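# Structural characterization, general
So you can see what is in the structure, the chains are spelled out below.
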Amino acid sequence: MHSVEFGFHYSRKGLTFTPTLYYRYKYDAFSNIQTILNDTVVLETFVNLDTQKSTGLEAVLTGNILKNWKFNLTGNIFYTKIDASRLGFSSNKSAFSIYFALR
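Cut-offs used in this document
Residues numbered from 1 in each chain as written. Predicted model: local features only at pLDDT ≥ 70, side-chain atom pairs only at ≥ 80, totals over all residues. Heavy atoms only, no water. Pairing = 2+ DSSP bridges. Helix = DSSP H or I, 4+ residues; strand = E, 2+ residues; numbered from the N terminus. Contact = heavy atoms within 4.5 Å.

### What to know about the pairing of strand β7 (residues 70–83)
Here is the key point about a regular strand: its side chains alternate between the two faces of the sheet. Pairing of strand β6 (residues 51–64) with β7, which is carried by 13 bridges, proceeds in the antiparallel orientation. Note on β7: the bridge partner recorded for G63 is F71. If you look at the hairpin formed by β6 and β7, you'll find five residues sitting between the two strands. Here β7 runs beside strand β8 (residues 92–102); their pairing, made up of eleven bridges, is antiparallel. In the sheet register, T74 faces β8, and the bridge partner there is A101.

Below is the structure:
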């Protein structure tokens, strides 16, 4: 895997913000494949891929609401593209995803 990340860390008065922009290139990557065999059985296998590329922005915001109450907000927006020829497709497949969590 080759990976490049650019990040920034800001902290002031109990509030911390850390955004990170990244790019990842995986060679000899793998993916899991789920096949439904019947109503109660799902077969999960792993398939080797040639390459997988992903780029995105991850951000973490933490702080204090009150003296003993803390929060952590995490988000990740990314785009990924795989060589899907070993999965039976004739071209690359891609996806755009957004993930947020508040604790």
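Read on for the rest.
### Topic: the environment of T51
With respect to the secondary-structure elements, T51 resides in strand β6. Note: C-alpha distance between T51 and K81 (30 residues apart in sequence) is 8.4 Å. Filtering out sequence-adjacent residues up to four positions away, T51 remains in contact with Y25, K26, K81, I82 and D83.

### Topic: the pairing of strand β5 (residues 42–48)
Where strand β4 (residues 30–36) lies against β5, seven bridges are found, and the strand directions are antiparallel. Across the sheet, residue N32 finds its bridge partner in β5, namely F46. Linking two consecutive strands that pair antiparallel, namely β4 and β5, is a turn of five residues.

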